[in-house]
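Below, each chain spelled out in residue letters.
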Amino acid sequence: QETTCAMIKPDAMCAAGKIIECILSNGLLIKHMRMCQLSRKEAEEFYQVHKGKPFYEALILLVSSGPVIAMELVGENALCRWRFLLGPTSTEVARIKAPSSIRAQYGSDTTRNACHGSDTHENARIETLFFFKCWNMG
Ligand code: ATP
């Protein structure tokens, strides 16, 4: 079974229950789940590929501003299915093109867009390790 890494960002923690319900009701399983607060340094490590982009600073501030919930999701085609449930990066676009998506329902703008989903299998592996490396991954 395929796995991917999901993260509920601080701006959507108030909707965490509904987001988890959405994950499970769409047939994805949660293999590992962890709530934590990232330091600025950890946020910079997680989003290092975006360093230098215009939205980088806002993204780092957001993701280190409060608790997040990280999950390793499992299921057939999990990576694409989770990104489909998320909808487009921009909440505004999501509201037009995918009104029932997570970002349309629980996002606020293009940075505060509720959740993260890995974009490649390699990044899924790196991000899962980032959150769960201290765990007995069995
Ligand atoms: P994610 O990687 O978080 O699942 P994504 O693949 O849709 O989202 P990326 O391009 O990888 O988007 O950007 C990572 C994050 O940076 C986005 O989720 C969003 O919070 C922020 N971001 C991306 N593009 C913009 C932008 N144009 N303006 C503001 N914030 C942005």
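Residues numbered from 1 in each chain as written. Predicted model: local features only at pLDDT ≥ 70, side-chain atom pairs only at ≥ 80, totals over all residues.

Identification of the protein chain as DM10 domain-containing protein from Ceratodon purpureus is taken from an unreviewed UniProt entry.

**Looking at helix α4 (residues 78-86)**
Worth spelling out the cut-off: With C-beta atoms placed from the backbone, a residue is buried if 20 or more other C-beta atoms are within 10 Å of its own, exposed if 12 or fewer are, and partly exposed between those counts. A run of DSSP states H or I qualifies as a helix once it reaches four residues; a run of E qualifies as a strand once it reaches two. Both are numbered from the N-terminal end. In this description, the arc belongs to the directions extending from the helix axis to the C-beta atoms. Throughout, a residue-residue contact means that the two C-beta atoms, derived from backbone geometry, are no farther apart than 7 Å.
Among the residues of α4, Ala 78, Leu 79, Trp 82, Leu 85 and Leu 86 are the ones counted as buried. Summarising the axial view, the buried residues of α4 lie within an arc of 130°, below the 170-degree limit, and thus occupy one face. Elements that come into contact with the buried residues of α4 comprise β1 (2-8), α1 (16-25), β3 (68-75), α6 (102-106), β4 (115-117) and α7 (121-132). Following α4 by one or two positions, Gly 87 adopts a phi angle in the positive range, close to 85°.

**Regarding the site of the ligand**
The condition is simple: We call a residue near a molecule or strand if the C-beta atom, set from the backbone, is within 6 Å of it. For this classification, Asp, Glu, Lys and Arg are treated as charged, while Ala, Val, Leu, Ile, Met, Phe, Trp, Tyr, Cys and Pro are nonpolar and the rest, including Gly, are polar.
Taken together, His 50, Phe 55, Leu 59, Thr 89, Thr 110, Thr 111, Asn 113, His 116, Gly 117 and Asp 119 form the complete shell of residues around the ligand. Of the residues in the shell around the ligand, the class split is 2 nonpolar, 7 polar and 1 charged.

**Overview of the UniProt feature "binding site: ATP" (unreviewed entry) in the protein chain**
Our working definition: UniProt positions are given in the numbering used here, feature names are shortened, and annotations may be inferred rather than shown by experiment.
Those residues carrying the UniProt feature "binding site: ATP" (unreviewed entry) are Lys 9, Phe 55, Arg 83, Thr 89, Arg 103 and Asn 113 in this numbering. When you line up the elements, Lys 9 lands in the loop between β1 and α1. Ignoring sequence-local partners within four residues, the contact set of Arg 103 consists of Leu 86, Gly 87, Pro 88, Thr 91, Ala 94, Asn 113 and Ala 114.

**Side note on the sheet that holds strand β2 (residues 29-36)**
Pairing between the strands of a sheet comes from backbone hydrogen bonds, and it takes one of two forms, parallel or antiparallel. We count it as follows: Only strands joined by at least two bridges in the DSSP assignment are considered to pair. Think of each axis as a best-fit line through the C-alpha atoms, taken over the contacting stretch in the case of a helix, with angles from 0 to 180 degrees between the N-to-C directions.
Spatially, 4 strands are ordered β2-β3-β1-β4 in an open sheet, and the strand pairing comes out antiparallel. This sheet does not close on itself; its edge strands, each paired only once, are β2 and β4. Adjacent strand axes in the sheet meet at a mean angle of 20°, parallel and antiparallel pairs treated alike. Sheet analysis places β1 next to β3, joined by 7 bridges and oriented antiparallel. Of the residues in β3, the one forming a bridge with Thr 4 is Leu 73.

**Section: unusual backbone geometry**
Backbone geometry places Asn 77, a non-glycine residue, at a positive phi of 60°. Tracing the chain through its elements places Asn 77 in the loop between β3 and α4. In this model, Ala 114 sits at a positive phi of 75°, which is unusual for a non-glycine residue. On the secondary structure map, Ala 114 appears in the loop between α6 and β4.

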